[in-house]
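# Summary of structural features
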Amino acid sequence: MSAPRKVLVTTRLFDDAAAEYLAEHGCVVVPSGLPGDALDADIPDATLSALLEGVEGWIVGMRAVTREILAAHPDLKVIARRGVGYERVDVASAKALGRVVTIAAGANDDAVADHTLAMILALLRRLKESDRAIAAGNWRVLSGYDLTGKTVGLVGLGRIGKAVARRLHGFGTKVLVATRTPDPDFPFVDYVPLDDLIAQSDIISIHAPLTSETRHMIGADALAAMKPHALVINTSRGGLVDDRALLAALEAGRIGGAGLDVFEAEADAAMLPVAAALAARPDVVATAHASGSSAEALARGNLISAQCVVAALDGTDFPPGCLIADGR
Ligand SMILES: NC(=O)c1ccc[n+]([C@@H]2O[C@H](COP(=O)([O-])OP(=O)(O)OC[C@H]3O[C@@H](n4cnc5c(N)ncnc54)[C@H](O)[C@@H]3O)[C@@H](O)[C@H]2O)c1
Ligand SMILES: O=C(O)[C@H](O)COP(=O)(O)O
């Protein structure tokens, strides 16, 4: 009998079902040693190198996967991202070195779409302000706004953008979309150029990947062109929005508010004070990269990642959801 294949798991909240799947398919989990919900982003290179010794598959969270790491570990055949965003994985180098990079496509569409709607509704109904007022003994009725009838602009209409659009349709909103790859068969939406979307939307929600092209796509110019009451929602990636420019726009009363699940500070500690200043505002609802983290989404993502690793190591067909990350 051949020795079990070693699979390093550094993503947080990996579960027994996914670990059992790996065991049933001749793999043994190498634990990261991190506490269950700790992020793998900051594992030092030397620690990671030791963990990757003899490892063939790696289920990764937000840790950067660099050419250096890949080149130093020739046994490593497959890197499975337990989510869908893979801007921190050097996919071109992986490909050049003959490694497979996969994502768990669709695992967290509903979670992120629900979270997006929760942020929109929380801002419109002023939940943070009301909650804070009551907790401070200030019993006030704060009037909010309807979502029905509003114009919502979605930047990016992939898996998650579509899940958001379906929900918005149920609320009776007009949905504008600016996306790189329009889907002519998808109902409910009107495609417009990004500038028109920015000028016409009451709520702007971003569902595009972070690339060199999309970095700071919502910056000072876009913020200046928005309606004065516009809400900006970012559940995609820190860096799509220029957080400094957003803070300045909110401080100047230029826009109505923001819902932020992701921050530039996640990749740049120097931006932590900006993130803190944003999160402290009454017109901002903030979560710490939690939109994809429902129990159901995590379980799906864990299992899909395990399936991706096994299929890549066995050379069998990838199951549904398991996609090769092959550039944007
Ligand atoms: N916060 C979280 O926990 C969380 C969870 C899941 C996904 N995400 C983020 O959400 C993003 C979207 O995920 P998805 O599964 O819908 O991805 P997807 O690949 O299915 O869709 C991305 C969409 O963005 C569009 N796009 C690409 N470049 C564009 C550009 N320059 N301008 C406009 N549109 C552009 C594409 O055409 C596509 O429609 C991911 O890249 C990831 O960063 C975040
Ligand atoms: O890219 C994603 O899907 C999200 O960032 C969530 O990733 P995670 O499941 O590894 O937390």
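Here the structure is a predicted model, which is why all the values come from computation and not from measurement. (Residues numbered from 1 in each chain as written. Chains lettered and ligands numbered in written order. Predicted model: local features only at pLDDT ≥ 70, side-chain atom pairs only at ≥ 80, totals over all residues. Heavy atoms only, no water.)

## Here we look at the nonpolar core
- Judged by nonpolar contacts, the single largest core of 32 residues is most densely connected at L197, I218, L223, M226, L246, I255 and L278.
- Put simply, the parts of the chain that give this core at least two residues each are β7 (174-178), α8 (194-200), β9 (203-206), α9 (220-225), α10 (243-251), β11 (257-260) and α11 (272-279).
- With 5 residues, the single largest contributor to this core is α10.
- Apart from residues lying up to four places away in sequence, L197 is in contact with G153, L154, V155, L176, V177, A178, V192 and I204. (Core = buried A, V, L, I, M, F, W, Y, C linked by side-chain atoms within 4.5 Å. Buried < 20%, exposed > 50% of the residue type's maximum accessible area, 1.4 Å probe, protein only. Helix = DSSP H or I, 4+ residues; strand = E, 2+ residues; numbered from the N terminus. Contact = heavy atoms within 4.5 Å.)

## Digging into the state of the cysteines
- Within this structure, the stated rule accounts for 1 disulfide.
- Across a sulfur-sulfur distance of 2.1 Å, C308 and C322 are joined as a disulfide pair. One end of the pair, C308, is in helix α12 (residues 295-314); the other, C322, is in strand β13 (residues 322-324), with 14 residues separating them in the sequence. Take C308 and C322: they sit in the same class, and that class is buried. (Disulfide = S-S within 2.5 Å.)

## Overview of the UniProt feature "domain: D-isomer specific 2-hydroxyacid dehydrogenase catalytic" (unreviewed entry) in the protein chain
- Within the UniProt annotation, "domain: D-isomer specific 2-hydroxyacid dehydrogenase catalytic" (unreviewed entry) is assigned to residues 8-316.
- What you have in residues 8-316 is 37% helix and 16% strand, and the ends, taken at the C-alpha atoms, are 20 Å apart. (UniProt positions renumbered as here; feature names shortened; annotations may be inferred.)

## Regarding the packing of aromatic side chains
- Using the criterion set out here, one finds 1 aromatic pair in the structure.
- For the pair F186 and F188, a centre-to-centre distance of 5.8 Å together with 85 degrees between the ring planes defines the contact as edge-to-face.
- Residue F186 is classed as buried on the basis of its relative accessible area of 10%. (Phe/Tyr/Trp six-rings, centres within 6.5 Å; stacked < 30°, edge-to-face > 60°.)

## Quick notes on the pattern of salt bridges
- For the coordinates displayed, the defined rule picks out 12 salt bridges.
- A salt bridge links D202 to K227; the shortest N-O distance between them is 3.1 Å. Here K227 lies in the loop between α9 and β10 (231-234) and D202 lies in the loop between α8 and β9, a separation of 25 residues in the sequence.
- In this structure, D283 engages R281 in a salt bridge whose closest nitrogen and oxygen atoms are separated by 2.8 Å. Both residues of the pair, D283 and R281, count as buried.
- Three or more residues joined by partner-sharing salt bridges are found here, namely D110, D114 and R167. (Salt bridge = Lys/Arg side-chain N within 4 Å of Asp/Glu carboxyl O.)

## Some words on the sheet that holds strand β2 (residues 27-31)
- Reading across the sheet, the 6 strands line up as β2-β1-β3-β4-β5-β13 and stay open at both edges, with mixed pairing between neighbours. Taken across any chain shown, the strands that pair with only one partner, and hence form the sheet edges, are β2 and β13. Shown here is a sheet whose adjacent strand axes are inclined to one another by a mean of 25 degrees, direction ignored.
- Sheet topology places strand β1 (residues 5-9) next to strand β3 (residues 55-60); 4 bridges connect them, and they run parallel. Bridging from a neighbouring strand, V7 pairs with G57 of β3.
- Where α12 meets the sheet, its contacts fall on β1, β2, β3, β4 (78-81), β5 (100-104) and β13, and the angle it forms with β4 comes to roughly 165 degrees. (Pairing = 2+ DSSP bridges. Axes fitted to C-alpha atoms, helices over the stretch in contact; angles between N-to-C directions.)

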